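# Chain and residue survey
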Amino acid sequence: MSDHDIDPTSPRMAPKPEVTKIDGRELKPSTLMMGYGYDPVLSEGSLKPPIFLTSTFAFPSAADGKRHFEGITGKRPGGADGLVYSRFNAPNQEILEDRLSVWDGAEDALSFSSGMTAICVLMLAYASQNDVIVHSGPLYAASEGFVAKVLAKFGVTYVDFPAGATREEIDAVIEKAQAQADEQGGKVCMVYLESPGNPTNALVDIEAVRASVDAAQLDCPIAIDNTFLGPLWQRPLDQGADIVVYSLTKYVGGHSDLVAGSIAGAKKWMDPVRMLRNTMGGICDPNTAWMLMRSLETVELRMNRAGENAAKVCDFLARHPKVEGLGYLGMIKDARQQDIYDRHCKGAGSTFSLLLKGGEAECFRFLDSLKIAKLAVSLGGTETLASHPASMTHLSVAEGRRAELGISDNLVRISIGIEDADDLIADFTQALEAV
Ligand SMILES: *Cc1c(COP(=O)(O)O)cnc(C)c1O
């Protein structure tokens, strides 16, 4: 008998029950990230989950195979109760999805190969021909484009409202969307939010949207892209959203070394999306899922540090004579926005806009002079990044619309990392001198 031939009935081999509470105390996500959803006993005692590089899974018996497929195809409610094929799911992705659910207090989660895959599959799962999507504005440019250009090919239209809209304004938008849906012979199929908006950090009142949707008795999910503040600084399911959406590429991945996405929410909202993901593919790969599990172990540490750094840097920038203003959630000037922040957010984040006195030339001199901060789009990584939205991420947005969204030529977007805060301040000091 080799070391491997352990009696499978011995307690050593039995998977341990999941511990999420001790003496009535709910364990925090930061604790659960080290072990939740994974039992070393099932993987040769390996403390960390191995990367399961397999396309398919062996069934214990033909009857098991049949039962699994009944679950996958929806012939039997409840979904798959075992692993079948890696386009549907696999161990690393399942553990990752369990851990992502923990952060948002969600029943279920699904992982995807990118944030945009998550968003596109989500919208396709809910939109039928001639339906209407209500969305806040601005959205991430590719999300806005998917609604306005791709879904439009199937007769899906949209009605949008500015982030910061009041309950009354949202009521009016939903009424308009319902009329538009009636006219088209469809329904309002989704309310899709993004908060805070990029790059201005305008917040959406999720509680007001929930109240509006309920008052109109709309039978559709409220989804929200929580990439900028999640999972630490905003938990939109607590404010009444049904589905939370992430580009895991940003804070969750956190090291600017992977691309992935996810959605989370009640199982009833996840099921139609899971079915479409099973058909289309787009699930995150095992290697990336493993990297994301590693990232989740430090996400709270990283986000806390980045948030503290951003507060120190903004405190410096706000008082600098070459700075015209800051779009930082820790320094909101508008009472309505501050009220939304107080009700929705647990932290101000580390991504903000810096308005310099001047225009594009001044911004470019500033960006080209930075020595620590890297000149790149994206956000939420360990390193500080800076970019110029008007000439980069939002270049394709029409000039009028850009002005409407507050994306001016003197706006620099900054995502603060986890470097030493005083080193960052030294870098910004010398770059501002060069302006
Ligand atoms: C980056 C980003 C996305 C897209 O995610 P990818 O992982 O790049 O596909 C969607 N929404 C927001 C707010 C983002 O910042």
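Residues numbered from 1 in each chain as written. Predicted model: local features only at pLDDT ≥ 70, side-chain atom pairs only at ≥ 80, totals over all residues. Heavy atoms only, no water.

### Some thoughts on the site of the ligand
What counts is decided by this rule: The rule for a residue being near a molecule or strand is that one of its heavy atoms must lie within 4 Å of it. Residue-level accessible areas treat just the shown protein chains as cover; the underlying method is Shrake-Rupley with a 1.4 Å probe. Cavity: a set of points on a 1 Å grid over the protein atoms alone where a 1.4 Å probe fits but cannot get out. Pocket: an open set with protein on both sides within 12 Å along at least five of seven lines, its lining residues, like those of a cavity, having an atom within 4 Å of a point. What decides whether a molecule sits in a cavity or pocket is whether more than half of its atoms lie within 2 Å of the grid points. Each helix is a run of H or I in the DSSP string that is no shorter than four residues. Each strand is a run of E no shorter than two, and both are numbered from the N terminus. In this count, Pro and Cys sit with the nonpolar residues alongside Ala, Val, Leu, Ile, Met, Phe, Trp and Tyr, while Asp, Glu, Lys and Arg are called charged and the others, Gly among them, polar.
Around the ligand sit 15 residues in total, of which Met-116, Asp-225, Ser-247, Thr-249 and Lys-250 are the nearest. Against a free-state accessible area of 380 Å², the protein chains account for coverage of 92% of the ligand. When each cavity is represented as a set of grid points, the ligand is found to reside in the second largest pocket. Ranked by residues supplied to the shell around the ligand, first place goes to helix 4 (residues 115-126) with three residues. When the residues that make up the shell around the ligand are grouped by side-chain class, the tally is seven nonpolar, five polar and three charged.

### Concerning the sheet that holds strand 14 (residues 411-415)
Note the following rule: In this description, strands pair whenever DSSP reports at least two bridges between them.
Within the open sheet, the five strands sit side by side as 10-11-14-13-12. Their pairing is mixed. Where the open sheet ends on each side, the last strands, each with one partner, are strand 10 (323-327) and strand 12 (374-375). With four bridges connecting them, strand 10 and strand 11 (residues 351-356) associate as antiparallel partners. Residue Gly-325 lies in a different strand from strand 11, and its bridge partner there is Leu-355.

### What to know about unusual backbone geometry
Cis peptide bonds are those with omega within 30 degrees of zero, and the linkage from Ser-195 to Pro-196 qualifies with 0°. Cis rather than trans, the peptide bond between Gly-230 and Pro-231 has omega equal to -5°. Considering the arrangement of structural elements, one finds Pro-231 in the loop between strand 7 (222-225) and strand 8 (243-247). Even without a glycine there, the phi angle at Asp-23 is positive, about 50°. Here Asp-23 is to be found in the loop between strand 1 (21-22) and strand 2 (25-26).

### Some remarks on helix 8 (residues 267-280)
In an α-helix, one turn spans 3.6 residues, which is why side chains three or four residues apart end up on the same side. Which entries qualify depends on this criterion: One less than the residue count of a helix, multiplied by 1.5 Å, gives the span that helix is expected to have. Relative accessible area decides the class of each residue, using a 1.4 Å probe on protein chains only: under 20% of the type maximum gives buried, over 50% gives exposed, and in between gives partly exposed. Contact definition: two residues touch when any of their heavy atoms are within 4.5 Å.
An ideal rise of 1.5 Å per residue puts 20 Å on 14 residues; helix 8 measures up with 19 Å between its terminal C-alpha atoms. Within helix 8, the full set of buried residues consists of Trp-269, Met-270, Val-273, Arg-277 and Asn-278. Tucked into the core, helix 8 has its buried residues touching helix 2 (62-73), helix 3 (91-104), strand 3 (108-112), helix 4, strand 8 and strand 9 (261-265). Of the residues flanking the end of helix 8, it is Gly-281, one or two places downstream, whose phi is positive at about 80°.

### Concerning the nonpolar core
Counted only if it meets this: We call a set of buried residues a nonpolar core when its members are Ala, Val, Leu, Ile, Met, Phe, Trp, Tyr or Cys and they connect through side-chain atoms within 4.5 Å of each other.
Membership of the largest hydrophobic core comes to 87 residues, with the highest contact counts inside it found for Phe-352, Phe-366 and Phe-428. Among residues more than four places away in sequence, those in contact with Phe-428 are Val-313, Phe-316, Leu-317, Phe-366, Leu-370, Thr-384, Ile-414 and Ile-416. In this structure, Cys-120, Leu-122, Val-156 and Met-270 belong to the second largest nonpolar core, which totals 27 residues.

### Re the packing of helix 9 (residues 286-318) against helix 13 (residues 421-433)
For any two helices packed against each other, one specifies the crossing angle of their axes together with the interaxial distance. Selection criterion: Throughout, an axis means a line fitted to C-alpha atoms (over the contacting stretch in the case of helices), and angles, computed between N-to-C directions, take values from 0 to 180 degrees. Small angles under 35 degrees read as roughly parallel and large ones over 145 as roughly antiparallel, with 65 to 115 read as roughly perpendicular and the rest as oblique. Each crossing gets its handedness from the near helix: less than a right angle anticlockwise from the far helix is left-handed, clockwise is right-handed.
Contact pair helix 9 / helix 13: the axes reach a minimum separation of 9 Å and the direction vectors enclose 30°. Judged by the inter-axis angle, helix 9 sits roughly parallel to helix 13. Helix 13 is crossed by helix 9, and the crossing has right-handed handedness. The segment helix 9 lies against helix 13, with Asn-309, Lys-312, Val-313, Phe-316 and Leu-317 engaging Ala-421, Leu-424, Ile-425, Phe-428, Thr-429 and Leu-432. The class makeup of the residues in the contact of helix 9 with helix 13 is eight nonpolar, two polar and one charged.

### Section: the packing of aromatic side chains
Where two aromatic rings form a pair, the distance of their centres and the angle of their planes describe that pair. Threshold: In summary, the pairing rule links any two rings of Phe, Tyr or Trp, Trp by its six-membered ring, whose centres are within 6.5 Å, and it sorts them by plane angle into stacked for under 30 degrees, edge-to-face for over 60 and tilted for everything else.
For the structure on display, the rule yields six aromatic pairs. Taking the centre distance of 5.5 Å and the plane angle of 80° together, the rings of Trp-233 and Tyr-251 count as edge-to-face. Placement of the pair is Trp-233 in the loop between strand 7 and strand 8 and Tyr-251 in the loop between strand 8 and strand 9, with a sequence separation of 18 residues. Assigned by exposure class, Trp-233 and Tyr-251 land together as buried. Ring geometry for Phe-366 against Phe-428: centres 6.0 Å apart, planes inclined by 15°, an arrangement best described as stacked. Of this pair, Phe-366 sits in helix 11 (residues 360-369) while Phe-428 sits in helix 13, and the two are 62 residues apart along the sequence. On the basis of relative accessibility, which here comes to 1%, the residue Phe-428 falls in the buried class.

### Let's talk about the layout of surface pockets
Quick note on the threshold: Grid points are joined across faces, edges and corners, and a volume is the space filled by probe spheres set on the points.
Each pocket or cavity is described by its volume, and for the largest pocket that value is around 1,100 Å³. Considering the residues around the largest pocket, the lining is formed by 45 residues, among which Gly-37, Tyr-38, Glu-94, Ile-95 and Asp-98 are closest to the centre. Listed by contribution, the elements that provide at least two residues to the lining of the largest pocket are helix 1 (29-32), helix 3, strand 3 and helix 8. No other element matches helix 3, which puts seven residues into the lining of the largest pocket. In this structure, the second largest pocket encloses a volume near 420 Å³. Listed by contribution, the elements that provide at least two residues to the lining of the second largest pocket are helix 4 and helix 5 (141-150). Ranked by residue count, the leading element in the lining of the second largest pocket is helix 4, at three residues.

### Let's talk about the side chain of Asn-309
Which entries qualify depends on this criterion: Polar contact is the term for a pair of N or O atoms within 3.5 Å; when the atoms are in protein, one must be able to donate a hydrogen and the other to accept it, and sequence-neighboring residues count only if both atoms are side-chain atoms.
With respect to the helices, strands and loops of the structure, Asn-309 is situated in helix 9. Here Glu-419 takes part through its backbone oxygen, which lies 2.7 Å from a polar atom of the side chain of Asn-309. Apart from residues lying up to four places away in sequence, Asn-309 is in contact with Ile-416, Gly-417, Ile-418, Glu-419, Ala-421 and Leu-424.

### Examining helix 6 (residues 167-184)
The cut-off we apply is this: In this description, the arc belongs to the directions extending from the helix axis to the C-beta atoms.
Taking 1.5 Å per residue, 18 residues should reach 26 Å; helix 6 reaches 26 Å between its end C-alpha atoms and fits that length. When we look at burial in helix 6, the residues that qualify are Ile-170, Val-173, Ile-174, Ala-177 and Ala-181. All buried residues of helix 6 project into a common sector of 100° when viewed along the axis, lining one side. For helix 6, exposure combined with an orientation more than 90 degrees from the buried face picks out Glu-168, Glu-175, Lys-176, Asp-182 and Glu-183. Summarising the contacts, the buried residues of helix 6 are in contact with strand 4 (132-137), strand 5 (157-162), strand 6 (188-194) and helix 7 (206-215).

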